[in-house]
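In case you want the letters, here they are:
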Amino acid sequence: MHDTITAGGSTGDFTVDIAGLTRVEGEGSLRLQVRDGVVEKAHLEIFEAPRYFEQLVVGRTPDEVIDIVARICGICPVAYQMTAVHAFEHGLGIEVDPATRALRRLLYCGEWIESHALHVYLLHLPDFLGYPSALDMARDHRAAVEQGLALKKAGNRIVELIGGRAIHPVSVRVGGFSRTFRRTEIRALREQVAAALGIAQRTVELVAGLETPSFHRDGRLVALRHPREYPMNEGRIVSTDGLDLAPSDWRSEFAEQQVPWSNALQARGRDGRAYLLGPAARITLAADQLHPLAAAALAGTGLAGEIAVNPYRGIVARAIELVDATAEALEIIDAYEPPRAARTDWRPGPASAAWATEAPRGLIFHAYELDDRGHVAHAQIVPPTSQNQAAIEADLAAFAPSVLGLPHAEATLRIEQLIRSYDPCISCATHFLDLHVEVVS
Amino acid sequence: MDLPVVPAPSRHPRAETPRRPRIGVVKFASCDGCQLTLLDLEDELLAIADRVDLVEFAEATSQRSSGPFDVLFVEGSVSSPEQVEEIVKLRAVSHRLVVIGACATAGGIQAIRNWFDHDKIRAAVYPEPRYIESLAQARPVADFVAVDGELRGCPISPGQLREFLVALVTGRRAQLPDEAVCLECKRRGVVCVAVAKGIACLGPVTRTGCGAICPAYGRGCYGCFGPRESANTAALATWLGTDRADGDVARLFAGFTAWSGPFRSVIDAGGGPPGPAGARKGPSDA
């Protein structure tokens, strides 16, 4: 299934062929073409079989769409559900109870905690400590892996309580939730989330001290920004070069295009520029909105500047957001008062519905046209990894020359690590990475 | 399209000295949620890893294996020409092949496309459809190779996965009941949403395993564990149809296990699942 490209030649030419890049979500490969030490091509090939979600939701009701789009990604189903529900409510002019808003933010915090803890401890940390997996790492560092699992479990517990189950939760409905939650139910999360906050703070100390390859990128960062809170469900689309857009207006600045090497559509700025989303972008563009405990943790690392330019520091950005999400979750739990009703009544009808939220991996955009019966006539779903793909390719092309002089095993490991540092979710973007380096002389 | 199903090898390849079973986890077209359920067994994951050799699990480890496997868990529907070749190869090196989740057991939500013209669907999503290698239908693994076990659900239940793994390492048969969701509701003390609130619920025809989550959360069951044995879907459809249009009954069954036989027949009787009208196949094409 995967090509092996070999190239012989004089000094400096070499061949790298890895059967698969692992510890990412989904299936794809990287193809690098190097001529005379210069990277001419860096293609992230996503060959996860297409599932055609934008066609699967046609003819469906808004509540059916919320169930269906969750299945785009088993790691971040809440991100898809939140983006869709906000889009529909915005398009149909539905106001939700403030308690519903708080519960949705708590649900999203749960997913951020689960997803970031999975990536930091199970997928990424083994790279820094030199193990093939967290299970192997656990033989020497059992306590660290156990604390990572406890953190992940706390996130899953939040999603399970509000959503009924940790993966593909069932309770999110247009106008609110399918049921109400008593104060005692929500308060029952408190002890576990408070313990998770302590683990998140220790995680920042652990990952900030890791020896990290140096790499400097100057590309455009894009995230949501909200005047009063760290961006999650709501905010305006902003960038490091001054963009400021309503969350429904993503298409005025960005567009998807197809490239021959990938089953995922790639998004770029309408001017063709690549951009990067995710924890580093959010921290760079909204550091002043971090929870005070997360802001203190970030200041303690002294790495705010490096997070903005070195993708290998993504693990630190995720750890800071783990502090933010656990601390915010705790505040929502403590302040929770039940809504008057599970959901606001609403009437199906025609609407143009579009919204953006912040998935764990970055900004996610949905747009739906609803027909006269209120059924989907057209849908556009833009996951974070489709948007990050062009920036990852550009970064790989810039980074690869610095490691091509290293022994093969080390060079490929460094490149794989760089890809993992973006936490690409290839299942979302459509999906397992194989690494081919082709040297052309 | 209908290929002969590849049987299990007559002499199962099995790892020598099987003290610790060699386990693989692979995926086809899917969301990764069912394999993630293994990593979601936070309290048991390290104990499980002490008792089995996870030799292939690309989402979790950089160590790779192409077999042989004592147990291979397969997630996802078979949806591209490469995946057809791959599942046949994997069958040949697997002592037991266990399909996990609605995509692998029933085709998943992407099997909705099976009712539609693939070329039109593909062209509606991709400006250059010729770059996309994909089969006209997304189908369950058992349509291509023999399977030795299944865990249902979208996603699979952590409790059922735990039970399956404990049974595996202790050498007993896993207890995976084939009852209706209704029984689970009664055991949980959940008031029947169909009777008390008139909510459409697929609980009577759907296999339990989830814990009756949807009724407990104020919704009708949407069938993500697929039909229970001898499910009388036609009778339920008639009952649900007394105050609904035909298409709206089909809609209820047209979810994550729509392509399973008992659900499919109700959907066909109701004129097919919702979807892009311009791409819908005629009855003769289906």
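Residues numbered from 1 in each chain as written. Chains lettered and ligands numbered in written order. Predicted model: local features only at pLDDT ≥ 70, side-chain atom pairs only at ≥ 80, totals over all residues.

Colleague: Looking at this model, I keep getting lost on the overall build of chain A. Mind explaining?
Modeller: A count of helical and extended segments in chain A gives 15 helices and 15 strands. Within chain A, the fraction of its 441 residues that count as buried is 60%. (Helix = DSSP H or I, 4+ residues; strand = E, 2+ residues; numbered from the N terminus. Buried ≥ 20, exposed ≤ 12 C-beta atoms within 10 Å, placed from the backbone.)

Colleague: Got a minute to help me understand the overall build of chain B in this structure?
Modeller: Secondary structure summary: chain B contains 12 helices and 5 strands in total. A globule of 286 residues ought to have a C-alpha radius of gyration of about 19 Å, and chain B, at 20 Å, matches this closely. Each principal axis of the C-alpha distribution contributes one length, and for chain B these read about 60 × 55 × 35 Å. Residues classed as buried in chain B amount to 55% of the 286 residues present. Residue pairs at least 24 apart in sequence account for 74% of intrachain contacts in chain B once pairs closer than 6 positions are excluded. (Rg over C-alpha atoms; globule rule 2.2 N^0.38 Å. Contact = placed C-beta atoms within 7 Å.)

Colleague: Just checking my understanding: could you explain the packing of helix H4 (residues 98–129) of chain A against helix H14 (residues 408–421) of chain A for this structure?
Modeller: Two quantities define a packed helix pair, namely the angle between the axes and the distance from one axis to the other. Residue and element names in this part refer to chain A. Where H4 meets H14, the closest approach of the two axes is 10 Å, and the angle between their N-to-C directions is 145°. The interaxial crossing formed by H4 with H14 has left-handed handedness. The segment H4 lies against H14, with Leu123, His124 and Asp127 engaging Gln417, Arg420 and Ser421. Considered class by class, the residues forming the contact of H4 with H14 number 1 nonpolar, 3 polar and 2 charged. (Axes fitted to C-alpha atoms, helices over the stretch in contact; angles between N-to-C directions. Left-handed = near helix turned anticlockwise from the far one by under 90°. Nonpolar A, V, L, I, M, F, W, Y, C, P; charged D, E, K, R; others polar.)

Colleague: Would you mind going over the sheet that holds strand E12 (residues 351–359) of chain A with me for this structure?
Modeller: Backbone-to-backbone hydrogen bonds join strands into a sheet, with any given pair of strands oriented parallel or antiparallel. Residues and elements named next belong to chain A. Across the sheet, 3 strands lie side by side as E12-E13-E14; this open sheet has antiparallel pairing. Either end of the sheet is taken by a strand with one partner, and the two such strands are E12 and strand E14 (376–382). Taken over all neighbouring pairs, the strand axes of this sheet differ in orientation by 10° on average, direction set aside. Relative to strand E13 (residues 362–370), E12 runs antiparallel, the two sharing 9 bridges. Bridging across to E13, Ala353 finds its partner in Tyr368. Relative to E12, helix H3 (residues 77–92) is tilted by about 145°, and along the sheet it contacts E12 and E13. (Pairing = 2+ DSSP bridges.)

Colleague: Quick question: what am I supposed to make of the environment of A:Leu413 here?
Modeller: Residue and element names in this part refer to chain A. As for its position among the elements, Leu413 is in helix H14. On the neighbour-count criterion, Leu413 (18 C-beta atoms within 10 Å) is partly exposed. The spacing of Leu413 and Asp127 is 286 residues in sequence and 8.4 Å in space, taken between C-alpha atoms.

Colleague: Got a minute to help me understand unusual backbone geometry in this structure?
Modeller: What you tend to see is this: most non-glycine residues have negative phi, and most peptide bonds are trans. Following B:Gly67, the chain continues to B:Pro68 via a peptide bond in cis, the omega torsion being 0°. Within the fold, B:Pro68 resides in the loop between strand E2 (53–57) and strand E3 (69–75). In this structure, the amide linkage connecting B:Cys154 to the following residue, B:Pro155, adopts the cis form with an omega of 5°. With respect to the helices and strands, the residue B:Pro155 is situated in the loop between strand E5 (149–151) and helix H6 (158–170). Located in the positive-phi region is A:His168, a residue other than glycine, with phi close to 55°. With respect to the helices and strands, A:His168 occurs in the loop between helix H6 (142–163) and strand E4 (172–173). At B:Ser230, a position not held by glycine, the phi torsion is positive, near 45°.

Colleague: I keep staring at the pairing of strand E1 (residues 22–27) of chain B and nothing clicks. Help me out?
Modeller: A regular strand places its side chains so that they alternate between the two faces of the sheet. All names here are of chain B. The element E1 is largely enclosed, with a buried count of 6 among its 6 residues. Burial along E1 is two-sided: Arg22, Gly24 and Val26 facing one way and Ile23, Val25 and Lys27 facing the other are all buried. As defined by bridge partners, E1 adjoins E2 across 4 bridges and the pair is classed as parallel. Bridged to Arg22 within E2 is Asp53.

Colleague: Is there a simple way to explain the interface of chain A and chain B in this structure?
Modeller: Reports of interface size often rely on the accessible area that becomes lost once the parts have come together. The interface is formed by 51 residues belonging to chain A together with 51 residues belonging to chain B. Of all the secondary-structure elements, those providing two or more residues to the side of chain A that touches chain B are strand E1 (16–21), helix H1 (53–56), helix H2 (62–70), H4, helix H5 (134–140) and H6 of chain A. Looking at which element gives the most residues to the side of chain A that touches chain B, the answer is H6(A), with 6 residues. Here the side of chain A that touches chain B is composed, by residue class, of 25 nonpolar, 15 polar and 11 charged.

Colleague: Would you mind showing me how to read H2(A) here?
Modeller: For the α-helix, the turn length of 3.6 residues means that residues three or four positions removed from each other point alike. With 7 of its 9 residues buried, H2(A) lies for the most part within the structure. Buried positions along H2(A) lie against H1, H3, E4 and E14 of chain A.

Colleague: What exactly am I supposed to notice about helix H5 (residues 118–125) of chain B here?
Modeller: Burial in H5(B) covers these residues: B:Ile121, B:Arg122 and B:Val125. Projected down its long axis, H5(B) carries its buried residues within an arc of 95°, all on one side. Along its buried surface, H5(B) packs onto H1 of chain A. (Arc of directions from axis to C-beta.)

Colleague: What's the story with the nonpolar core in this structure? I'm lost.
Modeller: Proteins that are soluble and globular tend to have nonpolar side chains buried together. Counting 228 residues, the largest nonpolar core has A:Val69 and A:Ile320 as the members making the most contacts within it. The residue makeup of this core includes at least three contributed by each of domain 1 (22–170) and domain 2 (181–272) of chain B. Among all residues touching A:Ile320, those that are not within four sequence positions of it are A:Val204, A:Ile283, A:Ala294, A:Ala297 and A:Leu298. (Core = buried A, V, L, I, M, F, W, Y, C linked by C-beta atoms within 7 Å. Domains from an automatic or database assignment.)

Colleague: What should I look at first to understand the sheet that holds strand E8 (residues 244–245) of chain A in this one?
Modeller: Residues and elements named next belong to chain A. With mixed pairing, the 4 strands of this open sheet are ordered in space as E8-E7-E6-E11. If you trace the sheet from one side to the other, it starts and ends with E8 and strand E11 (275–276), each paired once. In the sheet, strand E6 (residues 220–225) pairs with strand E7 (residues 236–239) via 4 bridges, with the strands oriented antiparallel. Residue pairing in the sheet places Val222 in a bridge with Ser239 of E7. The strands touched by helix H9 (residues 279–286) are E6, E7 and E11; relative to E6, the strand with the most contacts, the crossing angle is about 70°.

Colleague: So what exactly am I meant to see when it comes to the domain arrangement of chain B here?
Modeller: All names here are of chain B. Once the domains are mapped, chain B shows domain 1 (22–170) and domain 2 (181–272). Relative placement of domain 1 and domain 2: their C-alpha centres are 25 Å apart. The interface is formed by 15 residues belonging to domain 1 together with 13 residues belonging to domain 2. For the side of domain 1 that touches domain 2, the element with the most residues is helix H4 (residues 101–106), which contributes 3 residues. Tallied by class, residues from the side of domain 1 that touches domain 2 come to 7 nonpolar, 7 polar and 1 charged.

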